[in-house]
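This is what each chain is made of:
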Amino acid sequence: MGHEHGMQHSHSHSHSHGHGHGHGHGHGHRHGYRMRHGHRMVENSLYTVPENRCYTVAHVPDVKILSSLGFYPGTVVHKKKRYGWGGPVLVNLATREIALGKDIASAILVKEAKEQEAK
């Protein structure tokens, strides 16, 4: 019966305990990944924002007619209404009323003009 037991597992001791530990937790660098919070600052296209409000133009596509109409980043425009889905958008800019097609209106990015409410 009792032959050489206790001998076998004497050489299994060279297992590197305590070694493979420190690496396994490589999840420290994940939280810093640029969370774009402050979702109030999301820029929307002039086409999709609610109508009958004032907006500050944030980005204008490179279309010559827009700059000649006075659309520049920083310009405050008032979106009056949109004619159906796919129809043009009616915008007040300074003293003019301008109808913009869907493609152009979608390319103009705006954010809500908060400074209007403060006055």
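Every value quoted in this text rests on a predicted model; they were computed, and no experiment measured them. (Residues numbered from 1 in each chain as written. Predicted model: local features only at pLDDT ≥ 70, side-chain atom pairs only at ≥ 80, totals over all residues. Heavy atoms only, no water.)

Caption draft 1: Quick peek at the packing of aromatic side chains. What the rule picks out here adds up to one aromatic pair. The lysine or arginine in question, Arg-82, covers the ring of Tyr-47, its NZ or CZ lying 5.1 Å from the ring centre. In this structure, Lys-102 packs its charged tip against the face of Tyr-47, placed 5.7 Å from the ring centre. (Phe/Tyr/Trp six-rings, centres within 6.5 Å; stacked < 30°, edge-to-face > 60°. Lys NZ or Arg CZ within 6 Å of the ring centre and 35° of its normal.)

Caption draft 2: Local environment of the nonpolar core. Within the largest apolar cluster, 18 residues are counted, with the highest numbers of intra-cluster contacts made by Leu-46, Phe-71, Val-77, Leu-100 and Ile-108. Of all elements in the fold, only strand S2 (53-59), helix H1 (64-69), strand S4 (89-93) and strand S5 (96-100) reach the threshold of two or more residues within this core. Looking at which element gives the most residues to this core, the answer is S4, with three residues. (Core = buried A, V, L, I, M, F, W, Y, C linked by side-chain atoms within 4.5 Å. Buried < 20%, exposed > 50% of the residue type's maximum accessible area, 1.4 Å probe, protein only. Helix = DSSP H or I, 4+ residues; strand = E, 2+ residues; numbered from the N terminus.)

Caption draft 3: Highlighting the environment of Thr-48. For Thr-48, the position within the fold is in the loop between strand S1 (44-45) and S2. Assessed through its relative accessible area of 46%, Thr-48 is described here as partly exposed. Between the C-alpha atoms of Thr-48 and Leu-109, which are 61 residues apart in sequence, the distance is 9.6 Å.

Caption draft 4: Region of interest: the sheet that holds strand S3 (residues 76-82). In spatial order, the strands read S1-S6-S2-S3-S4-S5; together these six strands make up an open sheet with antiparallel pairing. The two strands at the open ends of the sheet, each matched to only one other strand, are S1 and S5. As paired elements, S4 and S5 share five bridges and run antiparallel to each other. Looking at S5, one finds that Leu-93 is bridged to Arg-96. (Pairing = 2+ DSSP bridges.)

Caption draft 5: Focus on the confidence of the model for the chain. On average, residues of the chain score 77 in pLDDT, and 60% of them reach the 70 mark or higher. Across residues 32-41 the pLDDT falls below 50, and counting only partners more than four positions away or on other chains, this stretch makes one contact in the model. (pLDDT = per-residue confidence, 0-100. Contact = heavy atoms within 4.5 Å.)

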